[in-house]
Amino acid sequence: MTSPTLPASELLPATACVGVVEAEVFVREGAEANADQVATSVELIRHHQDAANYARAADVAEVIAEKLTKAGQSVQAAKLYTHLKPETILVRTQKLIGRLNARKFRWQKDIKLTEETTKQITDLAKAMNETKDVILKTEFAEELESVLRNIPRSGILRKVSVLQTLAQLLNPKTILVRNPLGNEIFYRLERLNKYVASPIDWARSALTGADRTVAFHTVRQGEYWKNWVKGLKAGWRGVSPAGLTTQFELYAPAFKGKWNPLTYLEKSLGASLRSFDFAAYKRAVNETLGELGWLRAHSEGLRGKALKDAAIRYANEVSDAALQVADDYGKYITFQDMNVISRVLMSGKRGLNLGQEFGLGDLVIKYPKTPGALLMRGLEYSPAGFLRSLYLIAKPILKGGKANIREIEIGLARAVTGSLGLTGLGYYLAEKGIITGEPDPNKKVTGFERAIGAGRYQINLSALVRWVKSGFADASIQVGDRFYTYDWAQPVAIAVSLGANMNEAQEVSERKRERVGALAGVPGTIEAS
């Protein structure tokens, strides 16, 4: 069926159309939504809302949004909801509650739309409709979706799962050190990586005459702590700012009782994790939009102040494609993107849980998305990254389509940064006695290290200080040194430990007067990761 339209007076795209019913049939066709279906659905939503037919408007929105979400176009799906009025969203909420109540057990009470939730939805919807900022509109729409996810009742298995999460994560080491520091280390590594990717992109552009696709420059930075506060407040309320979860996959609250102490423990964990994750996500999104704005202005031949002014304007006038790129990168840098490894692990967990909210899967692999993301980052920042870049180059030949030059260049730069930079750094620091890799096979050496508190995959903070103060001379292990594990700082730890293991394997072989290959440290590194 071709794209149907209504008469121009009814605001649907005009080609050859029979009516509203045909338009609604058209938007439901196929498993994925095409551009014509999205455009038609937007006009259908407006048409139904103008006629105060909010139920039909909500139906159209749900159909297209589901198709876009399944296709990985989460930003497009959220943007579709920005066209909904508060009345339409409330009708959609009531329909959701009706479906939930129809599936409840006989002894369970009906879920009701409270005044507090109604006000929250209405306020968010009004703010979404009133703002002119495209990015803010999308964030409001995504936050509205997270409010709706809070409506379903929490079963006993869901509560058991949250209790396990609280026991594992609600501690100072996770919420004050590892989560924020892990985000910051990876962000700095990615910024460093742009120094490698930018010259590669410049050289390609100079040789081919094509436009630049990667740059270290950006015109949108800052607001980290402003977004940190926003994430903190959202986490305490139990909603996801901009629809973002956390790298530990916190979703809707399980405990909601006013006098239940577990309610406030869950709120505290949500606030502490979402604050740093949302701040890191927004920083990456803003910098990516600023970078894309700078690249567009540069491609137009602008330089100096004219380039900067145009770049700022372009960064604020974002297209759906640019917003999707920025959103994907924001999730990448906070370890919340979906990749092949994460999908396999998540499917495995669901299978072990037998489709329930808690089960064997939670005991085997509690947070499947994050380990998958970390392992993928570790591979990208290793020699395997070169193979991935080759695959991306060959992909258009094998499967058709257009090569993603930006992704290829950034992937190649990550492989260079990890293989030559981080692995080399690990080898050097191990040689200086500042970090350790896998245990020494010599039991006497291992026994001495244990006696002074050293162990596998640790950094000797005392030796690091001595090394700097001595003018970067050797700093061997001493009694009383302070050690701290670094294997949690993924994906950096994978590449660094590879170098440390190579150095230690080299030392062992020299003691045995053997010769080993360049990748001697690989097995222990993979085990540690």
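Our subject in this report is the structure included herewith.

A few words on the overall build of the chain. Scanning the chain from N- to C-terminus turns up 22 helices and two strands. Looking at the chain as a whole, 49% of its 529 residues qualify as buried. For the chain, contacts bridging at least 24 residues in sequence account for 72% of all contacts bridging at least 6. For the chain, the exposed area adds up to about 26600 Å²; of that, 61% sits on carbon and sulfur atoms.

Turning next to the pattern of salt bridges. The tally for this structure, following the rule as stated, stands at 29 salt bridges. Here Lys79 ties to Asp320 by a salt bridge, and the two come within 2.3 Å at their closest N and O atoms. Taken together, the residues Lys79 in helix 4 (residues 74–81) and Asp320 in helix 13 (residues 320–333) connect sequence positions 241 residues apart. Put simply, Asp201, Arg204, Arg212 and Glu409 are held in one network by salt bridges that share partners.

So, on to helix 11 (residues 261–299). Taking 1.5 Å per residue as the helical rise, helix 11 with its 39 residues ought to reach 57 Å, and the 57 Å between its terminal C-alpha atoms agrees with that figure. Bending of helix 11 peaks at approximately 25° at the position of Arg274. Of the residues flanking the start of helix 11, the one acting as N-cap is Asn260, its side-chain oxygen 3.0 Å from the backbone nitrogen of Leu262. Following helix 11 by one or two positions, Gly301 has its phi on the positive side, about 85°.

Counting 37 residues, the largest nonpolar core has Ile45, Ile64, Ile89, Leu144 and Ile151 as its most contacted members. For this core, the leading source of residues is helix 3 (residues 54–70), giving six residues. The next biggest cluster of nonpolar side chains, apart from the first, holds 27 residues, and it includes Ala373, Tyr381, Ile435 and Tyr457.

The subject of this paragraph is the environment of Lys366. By secondary structure assignment, the location of Lys366 is in the loop between helix 15 (360–364) and helix 16 (369–380). For the pair Lys366 and Thr165, spaced 201 residues apart in sequence, the C-alpha separation works out to 8.3 Å. The residues contacting Lys366, other than those within four sequence positions of it, are Ser161, Gln164, Thr165, Gln168, Lys349 and Gly361. Reaching out from Lys366, the side chain makes a polar contact with the side chain of Ser161 at a distance of 2.7 Å.

Once that is clear, we can look at the packing of aromatic side chains. As enumerated under the stated definition, the model contains 14 aromatic pairs in all. Seen from their ring centres, Tyr224 and Trp225 are 5.1 Å apart, and the 85° between their planes marks the pair as edge-to-face. With a centroid separation of 6.4 Å and 85° between ring planes, the pair formed by Tyr484 and Trp488 is classed as edge-to-face. The buried category is assigned to Trp488, whose relative accessible area is 18%. Grouped by ring-pair contacts, the aromatic residues Phe186, Tyr329, Tyr332, Phe335 and Tyr381 constitute a single cluster. The aromatic ring of Tyr332 is capped on one face by Arg377, whose charged end is 3.7 Å from the ring centroid.

Moving on, we come to the packing of helix 8 (residues 156–169) against helix 11. When two helices pack together, you describe them by how their axes are tilted relative to each other and by the distance separating the axes. One way to put it is that helix 8 packs onto helix 11 with a least axis distance of 11 Å and a crossing angle of 60°. Classified by the interaxial angle, the pair formed by helix 8 and helix 11 is oblique. Considering the relative orientation of helix 8 and helix 11, their crossing is left-handed. In contact with Val162, Leu163, Thr165, Leu166 and Leu169 of helix 8, helix 11 contributes Leu262, Leu265, Glu266, Leu269 and Leu273.

Attention shifts here to the side chain of Arg283. Tracing the backbone shows Arg283 in helix 11. Overall, Arg283 belongs to the buried group, its relative accessible area being 10%.

A cluster of nonpolar side chains, contributed by Leu176, Val177, Leu181, Ile185, Leu461 and Tyr484, occupies part of the molecular surface with about 470 Å² of accessible area. Counting residues per element, the nonpolar patch draws most heavily on helix 9 (residues 172–208), at four residues. Along the chain, Val177 falls in helix 9. For Val177, a relative accessible area of 31% corresponds to the partly exposed category.

One can find Glu287 in helix 11. Judged by relative accessible area, which is 7%, Glu287 ranks as buried. Within the local environment of Glu287, its side chain forms a polar contact with the side chain of Tyr187, the two groups lying 2.6 Å apart. With residues near it in sequence (within four places) discarded, Glu287 still touches Tyr187, Arg191, Thr218, Arg220 and Gln221.

What counts and how
- Residues numbered from 1 in each chain as written.
- Predicted model: local features only at pLDDT ≥ 70, side-chain atom pairs only at ≥ 80, totals over all residues.
- Heavy atoms only, no water.
- Helix = DSSP H or I, 4+ residues; strand = E, 2+ residues; numbered from the N terminus.
- Buried < 20%, exposed > 50% of the residue type's maximum accessible area, 1.4 Å probe, protein only.
- Contact = heavy atoms within 4.5 Å.
- Areas by Shrake-Rupley, 256 points an atom, 1.4 Å probe, with all protein chains shown as cover.
- Salt bridge = Lys/Arg side-chain N within 4 Å of Asp/Glu carboxyl O.
- Expected span 1.5 Å × (residues − 1).
- Bend = angle between axes of the 7 residues up to and from the residue.
- Polar contact = N/O pair within 3.5 Å; in protein donor to acceptor, adjacent residues only side chain to side chain.
- Core = buried A, V, L, I, M, F, W, Y, C linked by side-chain atoms within 4.5 Å.
- Phe/Tyr/Trp six-rings, centres within 6.5 Å; stacked < 30°, edge-to-face > 60°.
- Lys NZ or Arg CZ within 6 Å of the ring centre and 35° of its normal.
- Axes fitted to C-alpha atoms, helices over the stretch in contact; angles between N-to-C directions.
- Parallel < 35°, antiparallel > 145°, perpendicular 65-115°, else oblique.
- Left-handed = near helix turned anticlockwise from the far one by under 90°.
- Patch = residues over 30% accessible without salt bridge, like charges linked within 9 Å, V, L, I, M, F, W, Y side chains within 5 Å.

Remember, this is a structural readout, not a statement about activity or role.
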